[in-house]
Amino acid sequence: GYMGMVKPEKWITLTPDGVRNIHMAGGTVLVSDRGNPPHIEIAKTLQKMKITQYFVIGGDGTQTGAFDTFKCTQQINHEVAVVGVPKTIDNDIQIMDRSFGFNTACE
């Protein structure tokens, strides 16, 4: 979920040293969860924090949410590039043989 997007005080800076062993940790370190605040609030947070590049990793629902947030950034005249990186355990991305997340789900 996108709840972490409206809590910038919990954001962390990702550095090479900080993520070197991230794959060994369970759960998430990115303040993601099942909550979905209004997309206009996410857009306002991006603007307040001067974020101009917003990368979103996930499946259909995540990508739809990213586009909704992008539309809200347009409404408040905040220029931001939104990049959607597909990740799904369903392996249903048309132009790819296999998406990351699929093998892990199958093991």
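Residues numbered from 1 in each chain as written. Predicted model: local features only at pLDDT ≥ 70, side-chain atom pairs only at ≥ 80, totals over all residues. Heavy atoms only, no water.

Chemist: So what exactly am I meant to see when it comes to unusual backbone geometry here?
Modeler: A negative phi angle characterises most non-glycine residues, just as the trans form characterises most peptide bonds. One non-glycine residue, Lys50, lies in positive phi territory at about 60°. Here Lys50 is to be found in the loop between helix 2 (39-48) and strand 1 (53-58). Lys50 sits in the exposed class, given a relative accessible area of 69%. The backbone phi angle of Asn77 is positive, close to 60°, even though this residue is not glycine. With respect to the element layout, Asn77 can be found in the loop between helix 3 (60-75) and strand 2 (81-86). (Helix = DSSP H or I, 4+ residues; strand = E, 2+ residues; numbered from the N terminus. Buried < 20%, exposed > 50% of the residue type's maximum accessible area, 1.4 Å probe, protein only.)

Chemist: I would appreciate a short explanation of the environment of Gln53 in the present structure.
Modeler: Note on placement: Gln53 falls in strand 1. For Gln53, a relative accessible area of 56% puts it in the exposed group. When residues no more than four places from it in sequence are discounted, the contact partners of Gln53 are Val80 and Ala81. (Contact = heavy atoms within 4.5 Å.)

Chemist: How should I be thinking about the side chain of Thr73 in this particular structure?
Modeler: Counting through the fold element by element, Thr73 comes out in helix 3. Here the side chain of Thr73 touches Phe70 through a polar contact of 2.6 Å, landing on its backbone oxygen. In contact with Thr73, not counting residues within four places along its chain, are Ala43, Leu46, His78 and Val80. (Polar contact = N/O pair within 3.5 Å; in protein donor to acceptor, adjacent residues only side chain to side chain.)

Chemist: Even after reading the chapter, I still don't get the pairing of strand 1, so can you show me in this structure?
Modeler: Looking along a regular strand, one sees side chains alternate from face to face of the sheet. A one-sided burial pattern is seen for strand 1, the buried positions being Tyr54, Val56 and Gly58 and the unburied ones Gln53, Phe55 and Ile57. Where strand 1 lies against strand 2, 6 bridges are found, and the strand directions are parallel. When the sheet's bridge partners are listed, Val56 is paired in strand 2 with Gly84. Regarding the hand of the β-α-β motif, the stretch spanning strand 1, helix 3 and strand 2 is right-handed. (Pairing = 2+ DSSP bridges. Right-handed = clockwise from strand over helix to strand, strands pointing away.)

Chemist: Please clarify how the packing of aromatic side chains should be interpreted in this entry.
Modeler: When we look at a pair of aromatic rings, we describe it by the centre distance and by the angle of the planes. Within the structure shown, the criterion is met by 1 aromatic pair. Ring geometry for Phe67 and Phe70: centres 6.4 Å apart, planes at 25°, overall stacked. One end of the pair is Phe67 and the other is Phe70, both in helix 3 and 3 residues apart, which spans about a single turn. On the accessibility criterion, Phe67 (48% relative accessible area) is partly exposed. Its relative accessible area of 26% is what places Phe70 among the partly exposed residues. (Phe/Tyr/Trp six-rings, centres within 6.5 Å; stacked < 30°, edge-to-face > 60°.)

Chemist: Whenever I open this one, helix 3 confuses me. Can you help?
Modeler: Since the α-helix packs 3.6 residues into each turn, any two residues three or four apart lie on the same face. The end-to-end C-alpha separation of helix 3 is 23 Å, in line with the 22 Å expected for 16 residues at 1.5 Å each. Along helix 3, the positions that sit buried rather than exposed are Gly65, Ala66, Thr69, Cys72 and Thr73. One side of helix 3 holds all its buried residues, which, seen down the axis, span an arc of 120°. Among the exposed residues of helix 3, those pointing more than 90 degrees away from its buried face are Asp60 and Gln75. The inward-facing, buried residues of helix 3 contact helix 2, strand 1 and strand 2. The first or second residue beyond helix 3 is Asn77, which carries a positive phi of 60°. (Expected span 1.5 Å × (residues − 1). Arc of directions from axis to C-beta.)

Fair warning: the whole summary comes from geometry, so function is off the table for now.
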